[in-house]
Amino acid sequence: MKNNKSKTTKTAEARKEKLLSILKNQGLTIYNDLENGKFPQFSIPSRSVSNIVYDKKLRQYILGNSSAVRSARNMSQLRSYTQLSWLAFFVNRLVKEGKSSTLRDIYYSSQAFEIDFEDQPESDNIIVDLEALLSFPREDFHIFPEERSSVFGDLTIEYTVPGYEGKKVNLSDHPDGYLIGPSLSSAELIDTSAELVIAIEKGGLFTRFVEEKVHKKFKAIIVDTAGQAPRSTRGLLKRLNTELGLPVVILADGDVYGEHIAMVIKSGSANAAHLRELTVPDAKWLGVWATDIEKYKLPTIPMTESDIKRIYDLQKDPRYQEGNWKTQLEVFLKLKRKAELEAFSKYGLTNITDKYLPEKLELSKSL
Amino acid sequence: MSLTKETFSQISPSEFFYRNRDLAGFSNPTRSLYTSVREFVENALDACDQKKILPDIHLSIKAVDPEQPDPKPYILSVKDNGPGIEPKHVPLAFGTVLYGSKFGLKQARGMFGLGATMAILYGQITTNKPVIVKSCADGKTQDEFVMLLDIQKNKPVIQKHTTKEASKTGLSVSIVLEGDYSKAGTKIRDYVSQTSLITPYASIIFEDPSGEKFHFPRIVKEMPSPPTIIKPHPHGIDVETIRRMIVDTHYQIPIVDNNTITKVRSELGLQKKNLNSKGILERAQKKWSNLSRPVRTVVAMMSFLNLDFDGLSKIRIDDLDVANKKLTYWNFGESKSHVVELDSESPYYKQLANTVQGDTLHAFLTKRFQRVGPTTADKFCEFAKFKSEKRIGSMTNEELVKLADALQKFEEFLSPDPSCLAPLGEEPLSKGIMKFFNPEFASVIQRSASAYSGFPFVVEMGVAYGGDIPPAGLKVYRFANRIPLLYDEGSDVVLKIVNEMDWSRYKIKGDPPFVIVSHICSTRIPYKTVGKENVADRPEIERELKNALQYLARKLAVHMSRQGMADMAKKRANLYSKYIPLIAQFVTELSANKKEPNYKQLIKKGSELEEQQI
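Residues numbered from 1 in each chain as written. Chains lettered and ligands numbered in written order. Predicted model: local features only at pLDDT ≥ 70, side-chain atom pairs only at ≥ 80, totals over all residues. Heavy atoms only, no water.

**Regarding the overall build of chain A**
Definition in use: To qualify as a helix, a DSSP run of H or I must reach at least 4 residues; to qualify as a strand, a run of E must reach at least 2; elements of each kind are numbered from the N terminus. Our radius of gyration is a C-alpha quantity, and the globule rule it is checked against amounts to 2.2 Å times the number of residues to the power 0.38. Using a 1.4 Å probe on the protein chains alone, a residue whose accessible area is under 20% of its type maximum counts as buried, one over 50% counts as exposed, and one in between counts as partly exposed. The criterion used for residue contact is that any of the two residues' heavy atoms lie within 4.5 Å. Only the protein chains shown count as cover for residues, with accessible areas throughout obtained via the Shrake-Rupley method and a probe of 1.4 Å.
When its secondary structure is counted, chain A shows 14 helices and 17 strands. In terms of overall size, chain A behaves like a compact globule, its C-alpha atoms giving a radius of gyration of 22 Å where 367 residues would be expected to give roughly 21 Å. Each principal axis of the C-alpha atoms in chain A carries an extent, and together these give about 75 × 45 × 35 Å. A total of 367 residues make up chain A; the buried ones form 56% of that total. Considering only contacts within chain A whose residues lie at least 6 apart along the sequence, 74% involve residues at least 24 apart. Carbon and sulfur atoms make up 50% of the accessible area of chain A, which totals about 16,300 Å².

**What to know about the overall build of chain B**
For chain B, the helix and strand inventory stands at 20 helices and 17 strands. Across the 614 residues that make up chain B, the buried fraction comes to 50%. Considering only contacts in chain B between residues 6 or more positions apart, those separated by 24 or more positions represent 70%. In the structure as shown, chain B presents an accessible area of about 29,800 Å², 50% of it carried by carbon and sulfur atoms.

**A few points about the packing of helix α6 (residues 181-198) of chain B against helix α16 (residues 426-437) of chain B**
The geometry of a pair of packed helices is captured by two quantities: the angle between their axes and the separation between those axes. Residues and elements named next belong to chain B. Formally: Note on definitions: angles span 0 to 180 degrees between N-to-C directions of axes, and those axes are lines fitted to C-alpha atoms, for helices only across the stretch in contact. Angle categories: roughly parallel below 35 degrees, roughly antiparallel above 145, roughly perpendicular from 65 to 115, and oblique for all the rest. In the scheme used here, Gly and all other residues not listed as nonpolar or charged are polar, with Ala, Val, Leu, Ile, Met, Phe, Trp, Tyr, Cys and Pro taken as nonpolar and Asp, Glu, Lys and Arg as charged.
Two elements in contact, α6 and α16, have axes whose closest approach is 8 Å; the angle formed by their N-to-C orientations is 140 degrees. With respect to each other, α6 and α16 are oriented oblique. Side by side, α6 and α16 meet where S193, Q194, S196, L197 and I198 of the first sit next to L429, G432, I433, F436 and F437 of the second. Class assignment for the residues of the contact of α6 with α16 results in six nonpolar, four polar and no charged.

**Details of a positive patch on the surface**
Operational definition: Here, patches come from residues exposed beyond 30% relative accessible area and free of salt bridges, joined within 9 Å for like charges and within 5 Å for nonpolar side chains (Val, Leu, Ile, Met, Phe, Trp, Tyr). Here, a salt bridge means any Lys or Arg side-chain nitrogen found within 4 Å of an Asp or Glu carboxyl oxygen. In summary, the charge assignment counts Lys and Arg as positive and Asp and Glu as negative, without counting His or the chain termini. The location of each charge is read from NZ of Lys, CZ of Arg, CG of Asp or CD of Glu.
A cluster of basic residues, K79(B), K134(B), K164(B) and K168(B), forms a positive patch at the surface. By secondary structure assignment, the location of K79(B) is in strand β2 (residues 72-80).

**What about unusual backbone geometry?**
Note: most peptide bonds trans; most residues except glycine with negative phi. Going from G287(A) to V288(A), the amide bond is cis rather than trans, its omega being 5 degrees. Position of V288(A) among the secondary structure elements: in the loop between β15 (284-287) and α11 (290-295). Residue P71(B) follows D70(B) across a cis peptide bond; omega there is -10 degrees. Assignment of secondary structure puts P71(B) in the loop between β1 (56-63) and β2. In this model, K336(A) sits at a positive phi of 55 degrees, which is unusual for a non-glycine residue. Of note, R371(B) is a non-glycine position whose phi angle comes to about 60 degrees, a positive value.

**Quick word on the sheet that holds strand β8 (residues 213-216) of chain B**
Residues and elements named next belong to chain B. Definition in use: When DSSP locates at least two bridges between a pair of strands, those strands are taken to pair.
The mixed open sheet is built from eight strands, whose spatial order is β5-β4-β3-β6-β2-β1-β7-β8. The outermost strands of the open sheet, each flanked by one partner alone, are β5 (155-165) and β8. Mean inter-strand twist for the sheet, computed between neighbouring axes without regard to direction, equals 15 degrees. Two elements, strand β3 (residues 131-136) and strand β6 (residues 170-179), share five bridges in a ladder whose sense is antiparallel. The residue bridging S135 from the neighbouring strand is L171, located in β6. Relative to the sheet, α6 contacts β1, β2, β6, β7 (203-207) and β8, its axis offset from that of β7 by approximately 165 degrees.

**Overview of the side chain of S450(B)**
All names here are of chain B. Position of S450 among the secondary structure elements: in strand β13 (residues 450-452). The class of S450 is buried, set by a relative accessible area of 9%. In contact with S450, other than residues within four places in its own chain, are P416, F455, P456, F457, R543 and E544.

**Some words on the pairing of strand β15 (residues 475-480) of chain B**
Moving residue by residue along a regular strand, the side chains alternate between the two faces of the sheet. Residues and elements named next belong to chain B. Burial analysis of β15 places five of its six residues in the buried class, which makes it a mostly covered element. Note that β15 and strand β17 (residues 514-522) share six bridges and pair parallel. Directly across from K475, in β17, lies its bridge partner V515. Here β15 runs beside strand β16 (residues 483-485); their pairing, made up of three bridges, is antiparallel. Directly across from F479, in β16, lies its bridge partner P484. Between β15 and the antiparallel strand that follows it, β16, lie two residues; N481 among them carries a positive phi value of about 45 degrees.

Nothing here speaks to function; it is all geometry.
Shown next as structure tokens:
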């Protein structure tokens, strides 16, 4: 894998430059329109439900061809047009100055510029508009959600955030792992000896894996997704997969939500259909499968009504129409019981790392 | 009220209210101070209303010792420019519970005149200080009474009585009571200010314990016409009410005791003289027109029994069966019961029969109810299948139930006479609201009179929106008989109606700068508690409130949409000139230009677009 190294260098920097140039071009177009007495407008891919389609080739949800024009000429759109142009301007500043912010920050920052967002949902919505317009996730805009997860393993990164430029860190230096925050997300991925990425749903298991030296035994980088993986985590998994060529495997609870956590890492969510940088189409769901519950005689708890409703919902999703994804949903529905990752502790705390993980990894090679 | 006398003879009314003071709103020092203020202010306003005097009320609350922590004794004084009370009535009016002039059927703020005495009573038990009443009824002399209440005997104990010259009528009452102004202050200030809203023809000055003066000047100079005392309306009268009215209407056979005999003797001018039965009857014939009803009845009985005064004192009348023309009496001397046949031809027979049987139904209807004339009474009798000459005293229980039922169901009675009610009127209410809230929009309505359970009522309501009203959400000001209701808001019928409204339908949303003023006037407000703070939900009242509120809400909605359009036009007018420069500012930095683009042309185009669209 090391041969990828030179190729991956400065990827983050290149993305940043690309974004800045797109922003500048947008700015120039509008500037010229204003100068020429022409009402400027944006053409934003439509995010309405009817325009969200599943692309079998890309193996993720994408936006269809329809798009909406937002024009400064239209009185009812003028306000949101101004909001969007303000956000482009503000993101440009953020990225150039290497400052990070949160969704809530954006809502408040707007008030310094007489941009009157009625509430945060309105400003959040404009952020998604800009994502769709530029086809960049908001993490590239340096706008981060509050939720955070962590990563651990032999991976050397180089910071690009102001004050840390060029500083290198190995992510196995701290046993609790490293927070996947703005600075890690914008860092260059320099070097790794790992051959695998294990994404795991729960912080407790993440710590156990570090203690049991899973990263050494399996030559792995371990990522704690802390439930449904945040976009910055999915972005990191994507980069580990594409820039470093590492395969990604996923371990989640043995229930319908666990299965879907794996699916979202693999092929994205409908909410982020306008973005293409967040999926790892080749990621493999290791478990816990419904069939594992019987096979490993795991202690179970009964499903709630909402669990069962969720299964019916997912059965309508095009991604669950075939193969193991479909089979496991059916078995879950038959069992009407679920098992958490911790259930393996019944057979000893290290049972999951000593027995289950190697068996499933072996099995995954044939998937 | 003979019944009341009997019921209360076991325990004095003062004693009763002393034991049940929680019911009357005297449960703790905070509430008691507030209730006392209310009672005195309301009495003062009532007094002025009755004599059509524009009220000038002066209320003051002073701590006896300002340094002491609450609860502590306060001196509460209320002075008015009303008609005053004649000196001879003052001790009874302020020193007796259940003494008052408010038992008739007309709208007044206070119900029984209990409250003021309760306050005095409460002051006395908490501080052992007398009440000081200064009254001037003739505009010449002022009488000052210092007195205490004898709780057991329900009697005033006058400690001092002085008189001096005066130039104006008026009454001033001052008591010392334990109170907690630090807690009650907000409510009292609310009470006074809201009272000024619903009494715009009054001038009220309130001096609080810190010495600060709040003056609520008179807003209108015309007083609403005062209420008159009226009879009940037949609609919704129940069996029990009819039974009581019948008892009042027909006269019972007097108990023949020494008192009665003395009375008969004196009316006949026979205090010392004994005549035989025949002589007494002759005497009675001569004086008949001057005799009182009970005496006539006794004389009639004597005629049938052939008795003189001696004989009369030895018997007890047991039964008078008019239908079978029989009179049963008990002779103490013989220890024997006798039955006497009544001669229906005798002129005395009618006297007895009328006494026991009372008025005819026809007369009862026309005499005892409002808005029932002879024609309506005839129609009603036909409707209810009663003979109009039927004596009400001879009605059986079943017939009374049937009568009560028919009174409720008969639809041709005129709607209740609202002359006993004193609504404020649309104009003064509107002026009060404008002055009080200074809103951008206000509208008021007075519904026509309606009745619940035979008590007439009128709903007046006003809404105000915007202007000086803070955008803190809907606030309801509740009034009943010109009294602000401040406590127990949650369970009130007005709140229920307001909350049931779908305000979004009337373009009201969020936390609007919006107030509702609701005023219910009735001869009897159906309060849920004796504390008189929340009105119970009667379907008739609910309906009126709802209609009033919907009417006003529609008016407001019209205003809101007009306002909305005006706002929109105003906003639009500035839309392009507001946003285009902002966009220019942003893209100049975004495109790394030094100079802003020339966007004047665009703003001009924009305003042209605006003009087209408006």
